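Residues per chain, in single letters:
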Amino acid sequence: MRIASVATAYPPHRYPQTVITQALKSLWQERPAESRLLERLHSNCGVEFRHLMFPIDAYGTFSGFGESNDAYIEGAIKIGQQAIATALERAGLQPSDISAIFFASTTGLATPSIDARLTNLMDFPTNIKRTPIFGLGCVAGAAGISRAADYVRAYPKQYAILLAVELCSLTWQNGDPSMGAMVASGLFGDGAAAVVLAGEETPHAQRPRDEGVPCPRILDSRSTLYPDTEHLVGWKFKDNGFNVVLSAEIPDLVNKHLRANVDEFLADNDLSVQEICSFIFHSGGPKVLEAMEASLELPPGALSASWNSLREVGNLSSASVLSVMEDYLLNSPGDPGTHSMLAAMGPAFCSELVLLQW
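From a predicted model like this one, the values you see are computed outputs, not experimental measurements.

Criteria and thresholds
- Residues numbered from 1 in each chain as written.
- Predicted model: local features only at pLDDT ≥ 70, side-chain atom pairs only at ≥ 80, totals over all residues.
- Heavy atoms only, no water.
- Helix = DSSP H or I, 4+ residues; strand = E, 2+ residues; numbered from the N terminus.
- Rg over C-alpha atoms; globule rule 2.2 N^0.38 Å.
- Buried < 20%, exposed > 50% of the residue type's maximum accessible area, 1.4 Å probe, protein only.
- Expected span 1.5 Å × (residues − 1).
- Domains from an automatic or database assignment.
- Contact = heavy atoms within 4.5 Å.
- Salt bridge = Lys/Arg side-chain N within 4 Å of Asp/Glu carboxyl O.
- Polar contact = N/O pair within 3.5 Å; in protein donor to acceptor, adjacent residues only side chain to side chain.
- Axes fitted to C-alpha atoms, helices over the stretch in contact; angles between N-to-C directions.
- Left-handed = near helix turned anticlockwise from the far one by under 90°.
- Nonpolar A, V, L, I, M, F, W, Y, C, P; charged D, E, K, R; others polar.

Trainee: Would you mind showing me how to read the overall build of the protein chain here?
Mentor: For the protein chain, the count of helices and strands is eleven helices and 13 strands. Relative to its length of 358 residues, the protein chain is compact, with a C-alpha radius of gyration of 20 Å against a globular reference of 21 Å. By its C-alpha atoms, the protein chain is 65 × 45 × 35 Å across when sized along the principal axes. Counting all 358 residues of the protein chain, 58% fall into the buried class.

Encoded structure:
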């Protein structure tokens, strides 16, 4: 199985972090102490810019969950279509070439699902197999690659596509005083990413390395669920919609478990951390990235693409790790035969590891 292409798409409204912070602070004028805390937390998120689906002054106008969710459907279709179109163009494929579509999101609800609506808009085959994935949060980009890879492993002559869309800004809850909500309002951004996966008997799997963008092979994947950790991150669903749960314990959990998971996974593939040429990691936030670097004893700069993605677009939840992978594919692919690891962590709490070979 191979990754044939990756493409991101972002809403047109891009703001400096300071502008977003001031806009949110204006909603907290009657709580000056919490307003100051909001500003301090935002300044520590490692984020300098974020894309928002709608102009920033529109966010105080949504009247309840129904209206904001309608906005999610509208926005997810728009940037999801853009991401898919670019990914297909980079792979030299048409929608009619795709046999399966996997759709990951955790910031809105839609039935029919977004993938169904895009199937009608983009002339995908009427017999396309659809798998919408909800609830995996930040880990869904890596997990979606794993599940789509399982599909093309079973059908090696076919192509599948993974689409991840997150409009995190539409889950902001004005006036939520919890620490998790204030951190989330400074950390998460809006965006989409699409990945085309090629079965081993497709032309993309057979073409020479020097013809176009490299198509790394997916060698293996590993899912790990950490028992009794479901309280650490996720949503509480209330009358006003999505209310974030975001625990400060997450970096400690990364430090406790990630190295052992990675070592075991790589050993099963006759590899070690020292033999991995690049680490394509989800941009979970400064403390999470620091915990990943420390637990794996990575050299300076090993996660520079992840830090850059965090700085330029914020944490995109499921789409974050895919945006980092786009950077590697377009700008710094590994030498032929070398290995990379793609990884993300998310609700449950869990991790997903994907081993790639260039």
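Next comes the rest of the description.
Trainee: Looking at this structure, how should I read helix α5 (residues 140–154)?
Mentor: Since one α-helical turn is 3.6 residues long, residues separated by three or four positions face the same way. Taking 1.5 Å of rise per residue, the 15 residues of α5 would be expected to cover 21 Å, and the 21 Å separating its terminal C-alpha atoms lies within 8% of that figure. Regarding α5, the residues found buried are A140, G141, A142, A143, G144, I145, S146, A148, A149, Y151 and V152.

Trainee: What am I meant to see in the domain arrangement of the protein chain here?
Mentor: When the parts of a complex come together, some accessible area is lost, and that lost area is often used as the size of the interface. The domains assigned to the protein chain are domain 1 (2–205) and domain 2 (217–357). When each unit is reduced to the centre of its C-alpha atoms, the spacing between domain 1 and domain 2 is 17 Å. With 59 residues of domain 1 in contact, the opposing surface of domain 2 contributes 44 residues. At the surface where domain 1 touches domain 2, the tally comes to four salt bridges. At the boundary of domain 1 with domain 2, the tally comes to 14 residue pairs in polar contact (both at pLDDT 80 or more). Mapped onto the side of domain 1 that touches domain 2, the elements with two or more residues apiece are β1 (2–9), β3 (49–52), α3 (65–91), α5, β6 (159–167), α6 (179–187) and β7 (190–198). With eight residues, the single largest contributor to the side of domain 1 that touches domain 2 is α5.

Trainee: What am I meant to see in the environment of A83 here?
Mentor: Mapped onto the fold, A83 is located in helix α3. Looking at A83, the relative accessible area reads 0%, which means it is buried. For the pair A83 and A7, spaced 76 residues apart in sequence, the C-alpha to C-alpha distance is 5.6 Å. Beyond its immediate chain neighbours, meaning those up to four positions away, A83 contacts A7, T8, A9, L163, A192, A193 and A194.

Trainee: Mind showing me how you'd approach the environment of I79 here?
Mentor: Mapped onto the elements, I79 comes out in helix α3. Sequence separation between I79 and A9 is 70 residues; the distance between their C-alpha atoms is 5.7 Å. Setting aside anything within four residues of it in sequence, one finds I79 in contact with A9, Y10, P11, M53, V165, L167, G191 and A192.

Trainee: Can you help me understand the side chain of S68 in this one?
Mentor: By the element assignment, S68 lies in helix α3. A distance of 3.0 Å separates the side chain of S68 from the backbone oxygen of F65, its partner in a polar contact.

Trainee: What am I meant to see in the environment of Q158 here?
Mentor: With respect to the helices and strands, the residue Q158 is situated in the loop between α5 and β6. Residue class for Q158 comes out partly exposed when judged on its relative accessible area of 21%. Each C-alpha atom of the pair Q158 and A100 lies 8.4 Å from the other, and the pair is 58 residues apart in sequence. Aside from chain neighbours lying at most four places away, what touches Q158 is S99, K129, Y151, V152, L197, A198, G199 and T202. Side-chain polar atoms of Q158 contact the side chain of S99, separated by 3.3 Å.

Trainee: Where do I start with the packing of helix α8 (residues 250–267) against helix α9 (residues 286–296) in this structure?
Mentor: Axes are the key here: two packed helices are described by the angle between their axes and the distance separating the axes. Relative to each other, α8 and α9 sit at 35 degrees, their axes nearing to 8 Å. Regarding α8 and α9, the two cross each other, and that crossing is right-handed. Contacts between α8 and α9 involve I250, P251, V254, N255, L258, R259 and V262 from the first element and K287, V288, A291, M292, A294, S295 and L296 from the second. When grouped by side-chain class, the residues that make up the contact of α8 with α9 number ten nonpolar, two polar and two charged.

Trainee: Just checking my understanding: could you explain the pattern of salt bridges for this structure?
Mentor: Any two side chains of opposite charge can pair if their charged atoms end up close together. Counting across every chain of the model gives twelve salt bridges. The salt bridge partner of E200 is R217, with a shortest N-O separation of 2.9 Å. With E200 in the loop between β7 and α7 (203–206) and R217 in strand β8 (residues 217–225), this pair connects stretches of sequence that are 17 residues apart. Given a relative accessible area of 26%, E200 falls into the partly exposed group. The salt bridge partner of R222 is D268, with a shortest N-O separation of 2.8 Å. Of the two residues, R222 is situated in strand β8 and D268 in the loop between α8 and β11 (276–281); the sequence distance between them amounts to 46 residues. For R222, a relative accessible area of 22% gives the class partly exposed. Taken together, the shared-partner salt bridges connect R147, D150, R153 and E352 into one network.

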